[in-house]
Amino acid sequence: YLFCFLSFFLDGQAQVILKQREVSITRGHNTTASMDCIAKGIPGFQYAYIHWYRQVPTKAPERILYIGPSAVSYDDNSYRNKYSSSKKGTNVCTFTINDVNSNDVGSYYCAYWHFHRTNRWQAASTESCLCPEGR
């Protein structure tokens, strides 16, 4: 599998930026893929809600889960064994895909937004593409 990355942001006054860090893939019978979303400009990161989406060709993005101050919430209970997320330190959110297979090909997005005190929305997202090698 090959990962490619894209970062973008929409901002109010202060910039909120999410970036993708090196992705790790374990190979073998129980292959997993982990991607880190690094946040810049989010105060109180541990209390922030970070959302993870998946998009496959010809379909709209679908939210898989979001992680808040104390727990992960899944949009579908069937995702619990397949996906997980955790926060590390003051600015890193990790998303993990278990038992990676060809059905997992697609783009994965880390996203964050909130209504800033300047009365403007702030939003940021990264994209990580899980693609077959040779694409």
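Scroll up for the structure.
Each value, and the rule that gives it
- Residues numbered from 1 in each chain as written.
- Predicted model: local features only at pLDDT ≥ 70, side-chain atom pairs only at ≥ 80, totals over all residues.
- Heavy atoms only, no water.
- Helix = DSSP H or I, 4+ residues; strand = E, 2+ residues; numbered from the N terminus.
- Buried < 20%, exposed > 50% of the residue type's maximum accessible area, 1.4 Å probe, protein only.
- Contact = heavy atoms within 4.5 Å.
- Areas by Shrake-Rupley, 256 points an atom, 1.4 Å probe, with all protein chains shown as cover.
- Disulfide = S-S within 2.5 Å.
- Core = buried A, V, L, I, M, F, W, Y, C linked by side-chain atoms within 4.5 Å.
- Polar contact = N/O pair within 3.5 Å; in protein donor to acceptor, adjacent residues only side chain to side chain.

Asks: Teacher, can you tell me more about the overall build of the chain here?
Replies: A tally of helices and strands in the chain yields 0 helices and 11 strands. Ordered by position from the N terminus, the helices and strands of the chain form the series β-β-β-β-β-β-β-β-β-β-β. Here the chain holds 135 residues, and the buried ones make up 41% of them. Excluding contacts between residues fewer than 6 apart, the proportion of contacts in the chain whose partners are at least 24 apart in sequence is 52%. A total accessible area of about 7,700 Å² is found for the chain, and carbon and sulfur atoms account for 50% of it.

Asks: Just checking my understanding: could you explain the state of the cysteines for this structure?
Replies: Should the sulfur atoms of two cysteines be covalently bonded, the bond is a disulfide. As enumerated under the stated definition, the model contains 1 disulfide in all. A sulfur-sulfur distance of 2.0 Å marks the disulfide that ties cysteine 37 to cysteine 110. An S-S torsion of about -70° defines the bridge between cysteine 37 and cysteine 110 as left-handed. With a gap of 73 residues between them, cysteine 37 in strand 4 (residues 32-40) and cysteine 110 in strand 10 (residues 106-115) connect regions that are remote in the sequence.

Asks: Would you mind going over the nonpolar core with me for this structure?
Replies: Core analysis: the largest hydrophobic core is formed by 24 residues, its most contacted members being Ile50, Trp52, Tyr83, Phe95, Ile97 and Tyr108. If you list the elements that add at least two residues to this core, you get strand 4, strand 5 (50-55), strand 6 (62-67), strand 9 (92-97) and strand 10. In terms of residue count, the dominant contributor to this core is strand 4 (4 residues).

Asks: Would you mind showing me how to read the environment of tyrosine 108 here?
Replies: Its place among the elements puts tyrosine 108 in strand 10. Once the C-alpha coordinates of tyrosine 108 and glutamate 62 are considered, the two residues, 46 residues apart in sequence, prove to be 9.5 Å apart. A polar contact is formed between the side chain of tyrosine 108 and the side chain of arginine 54, at a distance of 3.0 Å. At 2.8 Å, the side chain of tyrosine 108 and the backbone oxygen of aspartate 104 are in polar contact.

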